[in-house]
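Coordinate inspection notes
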Amino acid sequence: MRAIVVGMAMVVAGMVMAQGVVTSWDQAIQQGRMTNGLVTVTINGLNVTVALADGKPLIETLHFYGWLSDSPDTPLNPDDAAKRLARLATRDFSSVGGKLLSDSVLELEKHAAGKAQGMIMRERFTMAAGHRGFEYRVTLRNETGRTVYIVDCDGIIDGRWGAGMGAAKVRRIAGEGTVPLSKEWLSLAPGQVKESERMWAAVTTEAGPSVGVVGVKGGVANWVFTDDAMYLYGADADGKRPIKLGPGMEVAWDFEIAATGKGGDAAAEEVHDEFLAARRAAGVKAAALEAGAKAEPLWPADGQSLTDIAAFFTWRSVAGAERYEVELSKDGKARTERVWGLGATTSAWMAERPLAVGKWAWRVRPVGEDGVAGEWSSERAFTVNAEHPVKAPVRAPSADKPLFIMHAPSEVDKAWSIVPEALRPYCALRVEVAERDLDFAEFCGRAEKGGVPVIVQCSGPGGGVYTEVYDKRYGRQSLAALEWAFQHCPHVIGALVCEQNFHVFSDPTSAEYITRLEALAAKYGRVVIWADGHWGKYTWLQVGAQEKYLRLLSAYPKNVVPLWKMNCAEVPLTIGGALMGLWMTRVVDQWGVEPEAWYWYEAGFKGLGEQLPGGQTGDWTMCPPTFWGQMILTGLAGGATCFCLEPYWSMWEKGDPEKPTEAWTKAIAPLMEAIVAKGLVPTKAEVDAKVKVAVQTRGEDLRFSRDFGVFRTMYETIYGVRQRSELIPDNGRYYLVPLLGPLLAGRELPAGVERVGTARLGTAEGVHAVFDGKYPAAAQGQGEAFAVRVGDVIVAMNDRENEDHEEEWRLPIGKGGVVAVGGRLGPHAYVVGKVAG
């Protein structure tokens, strides 16, 4: 056994004052240890444990894992990867050797085992005297003699929380406040902080101990935190995934871990100090502000009347500012909030609790990394009220007046020119004002001057759709700015959030943001459109499984409109079913769909008949123009009244906000015009009369599965499901099946709709026994195509989303001397009409 001791350790009043590092490695038993009296790292080849001086582990089994492939094809999921690919992990090796590279650097070299043979893995541990942490570096080298790819998650460094980290919270430089850890994944992307800083985050307990992630280097996709672990998702040095390694090539990631016995804010401060120390050790000087540096306040506006829940402050960021101080004053008393910078052009802070009623003032000043503050901004006054009336929306969608929302270019007055006059009363344009870093008041003024109804995409509390900061742009919409628009701009008819279940289910602040957004919209008679998919968790069924999330929709049933976001190509039939269930039980008054060309991408489609294997992504530009009609009609057939289309370059040519695409002029706009001219949206009463069976779920049914899980037998039996991305039912006989979340069990269903538990649908025989008698073949649509008559509305379409296959259809009419109508439909073709006389 070889041990090296650097410096001395001095005991003062029972406390060890660390001035050196003790490092050891015993090759015979493959065990090592590093300690500087503040932090101890124990290494036994398989496991790496991080602890404070008392020995209680804060992190256990720190290691790397991924999957190795000869192809860049990405597996559908980790389970799929584990079945068919070579596992590459620092805990899975044929041999290990350790050596001390210097007084305080220990490196292990491991030769991968099994199918990953030929890959060399090195783990390097570096510790300095007097620091509360160590550096962990993982290097992978390809000695297989062939090009290989690290795929799927593209390599993960995983650290499991130890016994000392119960009830932990994440405190992050890239956001306000704290976020309690849960089973849901909380993601922090490198783009959320300044490139020069990379990243730091503190995972704290209330009284201690706590852990910090400091100074990430190498290609990083993002950090994820859960209640039992942290994960670093790797990329190559250029940020690309999957990671390609030619013969002799290598890829490396490293970061520092800091550990402290403190908790809460004090722990976050210590982690931040370690971050600064690491930067200084790397030769990076502390950033200082320029003389006279001052921030420009944005919202609330001076003199604004503000609802207590809309206390959301934004200002222009200042170069060199690491953080900001926001001062709020009322009745001669002031308090100061400390807010971390975001690495974006705009910075922000949302008050954790609603502000008290009365007259307030606010101002802000920047603070440099060296702790030196800049000048205070001018003071802005605002008045807070606690008035929360609920008004019916000025533009709610309905069967007789559906709402078509188009994701649009920023120049909404020019973009509006492609919308036909007859369609304009039914349309609105949607823009991510904050995420595009537009001047909010200027944008609203443009909409007012052009007479353009607009929906402001708030994205949500997680900032932009996926990250708070994207390309230096802050993606979160200030509620104060939105309230100003609701007060002064009648053409701002509502707000939209999309793909936010990741944030809402894991972050209480995010749920609070949407709660406030809905209350604010309801106060001014505006709509909130919430577009989401199921994304590996049956999102819309989960809303019906937890009371606090169900309240997000049911509190304002007329103002909140949930949408089926159709780019989600994982078991999409369950998404439409869950939203119909929320609608049929009156949780919401209306529902809708968001047709997207991204569905083509997520489903792996390219040309006709071509679906890429293994979960590979397709080519959205090859989405056929008429498929937009199929997506719209899939929702319309189920009573959807709101249709939100994305992305904007499917309707406007990129770079020209006044030039429509061929898909818009030949397929999308004509269908919309027909829908409004002929009144082709069925009423809720007509849909209620058409539905005969609704499926009631239990909590255990909501374990997500990419093969449809507990619903698979039902869908296979009544529709003949062929692939996981099926969007359109494979026939019309059984119409559409509403799915009910567990908490909807006590809600009334329309007359004639039978509530059936999943236990009765476990076999094909059970499914037939439930459905066949309810939907006699002679009275329903016949043939291969999806063909239904809902009231007097007829919808028929080829249901093979991208197969080169013709389908027959036939619908009984029995009116005006017409017995039936039918025909043949080629790929991506549809018929829509109405029985009239």
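Residues numbered from 1 in each chain as written. Predicted model: local features only at pLDDT ≥ 70, side-chain atom pairs only at ≥ 80, totals over all residues. Heavy atoms only, no water.

1. Points about helix H10 (residues 573–584)
Here is the rule we go by: Elements are defined by DSSP. Helices are runs of H or I of four residues or more, strands are runs of E of two residues or more, and each kind is numbered from the N terminus. Here the expected span of a helix is defined as 1.5 Å times the quantity of residues minus one. Relative accessibility under 20% of the residue-type maximum defines a buried residue, over 50% an exposed one, and the middle range a partly exposed one, all with a 1.4 Å probe and only protein chains included.
In this model, H10 (twelve residues) spans 17 Å end to end at C-alpha, consistent with the 16 Å of a helix rising 1.5 Å per residue. For H10, the complete set of buried residues consists of Leu573, Thr574, Ile575, Gly576, Gly577, Ala578, Leu579, Met580, Gly581, Leu582, Trp583 and Met584. Looking one or two residues beyond H10, the residue adopting positive phi is Arg586, at roughly 65 degrees.

2. Concerning the packing of helix H4 (residues 440–450) against helix H5 (residues 479–488)
What counts is decided by this rule: Axis lines are fitted to C-alpha atoms, over the contacting stretch for helices. Their N-to-C directions set the angle, which ranges from 0 to 180 degrees. Roughly parallel means an angle under 35 degrees; roughly antiparallel, over 145; roughly perpendicular, 65 to 115; everything else is oblique. Crossing handedness: left-handed means the near helix sits turned counterclockwise from the far one by under a right angle, and right-handed means the same turn made clockwise. The contact definition used throughout considers only heavy atoms, calling two residues in contact when any of these lie within 4.5 Å. Classes in brief: Ala, Val, Leu, Ile, Met, Phe, Trp, Tyr, Cys and Pro nonpolar; Asp, Glu, Lys and Arg charged; the others, Gly included, polar.
Viewed as axis vectors pointing N to C, H4 and H5 meet at an angle of 25 degrees, and their least axial separation amounts to 11 Å. As far as their axial angle goes, H5 and H4 are roughly parallel. Read as a crossing pair, H4 and H5 show a hand that is right-handed. Contact with H4, carried on its side by Phe440, Ala441 and Cys444, involves Ala481, Leu482, Trp484 and Ala485 of H5 and no other residues of that element. The class makeup of the residues in the contact of H4 with H5 is seven nonpolar, no polar and no charged.

3. Focus on H4
Counted only if it meets this: As used here, the arc belongs to the directions running from the helix axis to the C-beta atoms. Polar contact is the term for a pair of N or O atoms within 3.5 Å; when the atoms are in protein, one must be able to donate a hydrogen and the other to accept it, and sequence-neighboring residues count only if both atoms are side-chain atoms.
For H4, the complete set of buried residues consists of Phe440, Phe443, Cys444 and Ala447. Here the buried residues of H4 occupy an arc of 95 degrees about the axis, which is enough to place them on one side. Seen from the buried face of H4, the exposed residues on the opposite side, beyond 90 degrees, are Glu442 and Lys449. In this fold, the buried residues of H4 make contact with strand S24 (296–299), helix H3 (412–415), strand S33 (427–431), strand S34 (454–459), H5 and strand S37 (492–498). N-cap assignment for H4: the residue whose side-chain oxygen lies 3.3 Å from the backbone N of Ala441 is Asp439. Following H4 by one or two positions, Gly451 has its phi on the positive side, about 65 degrees.

4. Overview of the sheet that holds S24
What counts here: Two strands qualify as a pair provided that DSSP identifies no fewer than 2 bridges between them.
Sheet architecture is open: three strands sit in the order S24-S26-S29, paired in antiparallel fashion. Here the strands that pair on one side only, and so sit at the sheet edges, are S24 and strand S29 (346–350). Direction aside, neighbouring strands of the sheet carry axes that sit 30 degrees apart on average. In this structure, strand S26 (residues 312–316) lies alongside S29, joined through five bridges in antiparallel fashion. In the strand pairing of S29, Thr314 is matched with Ala348. Across the sheet, H5 lies against S24, S26 and S29, angled at about 55 degrees from S24, the strand it touches most.

5. Regarding the pairing of S34
This is how the line gets drawn: Seen with its strands pointing away from the viewer, a crossover is right-handed when the path leading from the first strand over the helix to the second is clockwise.
Of all six residues making up S34, six are buried, and the element is well covered by its neighbours. Neither face of S34 is left uncovered, since the one carrying Val454, Val456 and Cys458 and the one carrying Ile455, Gln457 and Ser459 both have all their residues buried. As paired strands, S33 and S34 are joined by three bridges and run parallel to one another. Bridged to Val431 within S34 is Val456. Since S33 and S34 lie parallel, the crossover through H4 that links them has a hand, and here it is right-handed. One ladder, built from five bridges, connects S34 with S37; its direction is parallel. For Val456, the partnering residue across the bridge sits in S37 and is Ala495.

6. Considerations on the packing of H5 against helix H7 (residues 508–523)
Viewed as axis vectors pointing N to C, H5 and H7 meet at an angle of 10 degrees, and their least axial separation amounts to 10 Å. With respect to H7, the element H5 is oriented roughly parallel. Viewed along their axes, H5 and H7 form a crossing whose handedness is right-handed. Contact residues: H5 offers Leu479, Leu482, Glu483 and Phe486, while H7 offers Tyr513, Arg516, Leu517, Leu520, Ala521 and Lys523. For the contact of H5 with H7, the residue count by class is seven nonpolar, no polar and three charged.

7. Focus on the packing of aromatic side chains
So the rule is basically this: Put simply, two rings from Phe, Tyr or Trp (the six-membered ring, in Trp's case) pair if the centres are within 6.5 Å, and we call them stacked under 30 degrees between planes, edge-to-face over 60, tilted for the rest.
Taken as a whole and assessed by the stated rule, the structure comprises 37 aromatic pairs. For the pair Trp299 and Phe440, a centre-to-centre distance of 5.9 Å together with 85 degrees between the ring planes defines the contact as edge-to-face. Of this pair, Trp299 sits in strand S24 while Phe440 sits in helix H4, and the two are 141 residues apart along the sequence. Across the pair, Phe440 and Trp299 agree in class, each one buried. Both rings, one in Phe404 and one in Phe643, keep their centres 5.3 Å apart while their planes meet at 20 degrees; by these two values the pair is stacked. Of the two residues, Phe404 sits in strand S32 (residues 403–407) while Phe643 sits in strand S41 (residues 642–645), which places them 239 residues apart along the sequence. With respect to burial, Phe404 and Phe643 carry one shared label: buried.

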